[in-house]
Amino acid sequence: MSQPTQPPTTNPAAHYLDLGITLAIHNWPALNLAVQSNWGGPTSSDKRDWLCGAISEMLSDRPETDAEDLEDVLIQVMNDEFDVVVDDESAGNVADQIMEIKGQTTRGEFGEIQAMWEAWQNKKGKPDAGIAAFRRGEDQEDDDEDSDEEDGDGDMDMDDAPPALVRAPRERVEPEVDEDGFTTVVSKKKR
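Residues numbered from 1 in each chain as written. Predicted model: local features only at pLDDT ≥ 70, side-chain atom pairs only at ≥ 80, totals over all residues. Heavy atoms only, no water.

If you look the protein up in an unreviewed UniProt entry, it shows as Pre-rRNA-processing protein TSR2 from Aspergillus carbonarius. Within the UniProt record for the protein, the comment given under Sequence similarities (unreviewed entry) is "Belongs to the TSR2 family." (UniProt positions renumbered as here; feature names shortened; annotations may be inferred.)

As structure tokens, this is what we get:
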């Protein structure tokens, strides 16, 4: 898992902005759960890192970007890359935090970002109790005969999961069988 790094001192505003974005993204519980659970596939951590860079680039290339634009991007990435529908306003909170960080770095104020960095360093290596409390609701068949009480594994139903962390339902693709009886194999990416 990649970790945010302390910024060099050549261009402090740009480096602290990147650090602040990275810390805000790495502290977002919904995204952390998606990454830890590999909901974005084996490259989930890389996708989170890519998101940090993409946000930094967006703020640099389009200075008119506001918190609403940023929230839309966060929600879209969670949906597209991790199949997670975020509807608990946490994306808006992260977007607001990033815009505040942008304002601070523009004014040359790096104290709050430095405090975030120190808190991250102190937290590193300790399990995140908030994330550990959630489990992914596995895709379940329409067969209601298997209940949580019968299997006793303690997984929560999709209906019991917090609304922000419910994965978007996947469309079931029926296999195509040609006239010779062969089944056409379709990759997961093309489904």
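(A) Representation of the nonpolar core. Judged by nonpolar contacts, the single largest core of 35 residues is most densely connected at Ile 25, Trp 28, Leu 31, Ile 55, Leu 74, Met 78 and Ile 98. Within the residue set of this core, elements represented by two or more residues are helix H1 (12-26), helix H2 (29-36), helix H3 (44-61), helix H4 (67-82), helix H5 (90-106) and helix H6 (111-123). For this core, the leading source of residues is H1, giving 7 residues. (Core = buried A, V, L, I, M, F, W, Y, C linked by side-chain atoms within 4.5 Å. Buried < 20%, exposed > 50% of the residue type's maximum accessible area, 1.4 Å probe, protein only. Helix = DSSP H or I, 4+ residues; strand = E, 2+ residues; numbered from the N terminus.)

(B) Focus on the environment of His 26. If you trace the backbone, His 26 turns up in helix H1. The exposure class assigned to His 26 is buried, which follows from its relative accessible area of 3%. Only 3.4 Å separates the side chain of His 26 from the side chain of Arg 48, close enough to count as a polar contact. (Polar contact = N/O pair within 3.5 Å; in protein donor to acceptor, adjacent residues only side chain to side chain.)

(C) Molecular detail of the packing of H1 against H6. One way to put it is that H1 packs onto H6 with a least axis distance of 10 Å and a crossing angle of 45°. By the angle class used here, H1 and H6 are oblique. The chirality of how H1 crosses H6 is left-handed. Every residue of H6 that contacts H1 at Tyr 16, Leu 19, Gly 20, Leu 23, Ala 24 and His 26 is listed here: Ile 113, Gln 114, Met 116, Trp 117 and Trp 120. (Axes fitted to C-alpha atoms, helices over the stretch in contact; angles between N-to-C directions. Parallel < 35°, antiparallel > 145°, perpendicular 65-115°, else oblique. Left-handed = near helix turned anticlockwise from the far one by under 90°. Contact = heavy atoms within 4.5 Å.)

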